[in-house]
Amino acid sequence: MLARVLLCARPVSTNLPVLTRRLAQFTPHMDPGPGGRPVETAIRTKLTDALEPEHLEVHNESHMHAVPPGSESHFRVLVVSPRFDGHSLIQRHRLVNEALREELSSCVHALAIQAKTPTQWGSNPSVAKSPPCMGGSKGDRTVEEKLAAGRE
């Protein structure tokens, strides 16, 4: 499991050992660089193996959040699979979560799921847009007060 955690770990300091690259040397989000996108690839592979989808989209939305460039922590997936026939939406989500159990327990912080049957996809092939990141507690003006109260 430690190896999986290290796949998506990104240094936050420039004073780290020689084994890691400095943050300034990371490539922009859209350029996977020589290491590729191991988490995105794992998600795609596991969903394909587990659900045999007719249509699959995996979107790395980490760049929309307060994480270092090149991160693989926030994803949105669209899975259209005949395996979903007869299953409720929550059951479909559980199937996706089960397929990605290892990633969700290590380096994937957020996963937005659209799970459709082929019939649903045929009648409505739309893809939901992710809402903008609110920056976690950035929108909460009482954070300073809460932190101060916690120190008392």
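In the block above lies the structure referred to throughout.
Residues numbered from 1 in each chain as written. Predicted model: local features only at pLDDT ≥ 70, side-chain atom pairs only at ≥ 80, totals over all residues. Heavy atoms only, no water.

1. A few points about the packing of helix α2 (residues 38–51) against helix α3 (residues 89–99)
- Running from N to C, α2 and α3 cross one another at 125°; their axes reach a closest spacing of 9 Å. It follows that α2 is oblique to α3 by the angle criterion. When you trace α2 past α3, the crossing you get is right-handed. Packed against α2, whose contacting residues are Lys46, Leu47, Ala50 and Leu51, the element α3 presents Leu95, Val96 and Ala99 at the interface.
- Residues that form the contact of α2 with α3 fall into these classes: 6 nonpolar, no polar and 1 charged. (Axes fitted to C-alpha atoms, helices over the stretch in contact; angles between N-to-C directions. Helix = DSSP H or I, 4+ residues; strand = E, 2+ residues; numbered from the N terminus. Parallel < 35°, antiparallel > 145°, perpendicular 65-115°, else oblique. Left-handed = near helix turned anticlockwise from the far one by under 90°. Contact = heavy atoms within 4.5 Å. Nonpolar A, V, L, I, M, F, W, Y, C, P; charged D, E, K, R; others polar.)

2. Quick look at α2
- For α2, built from 14 residues, the straight-helix expectation of 20 Å at 1.5 Å per residue is met to within 8% by its first-to-last C-alpha distance of 20 Å.
- If you check which residues of α2 are buried, you get Val39, Glu40, Ala42, Ile43, Leu47 and Leu51. Buried residues of α2, seen end-on, are gathered within an arc of 160° and therefore sit on one face of the element. (Expected span 1.5 Å × (residues − 1). Buried < 20%, exposed > 50% of the residue type's maximum accessible area, 1.4 Å probe, protein only. Arc of directions from axis to C-beta.)

3. Points about the pattern of salt bridges
- What the rule picks out here adds up to 6 salt bridges.
- With a closest N to O distance of 3.2 Å, Lys46 and Glu102 form a salt bridge. Pair noted here: Lys46 is in helix α2 and Glu102 is in helix α4 (residues 101–104), with a separation of 56 residues, a long-range link.
- Note on Lys46: relative accessible area 23%, which makes it partly exposed.
- Residue classification places Glu102 among the partly exposed residues on the basis of a relative accessible area of 32%.
- A salt bridge links Arg76 to Glu61, with the shortest nitrogen-to-oxygen separation between them at 2.7 Å. Placement of Arg76 in strand β2 (residues 74–80) and of Glu61 in the loop between β1 (55–60) and β2 is noted, with a sequence separation of 15 residues between them. (Salt bridge = Lys/Arg side-chain N within 4 Å of Asp/Glu carboxyl O.)

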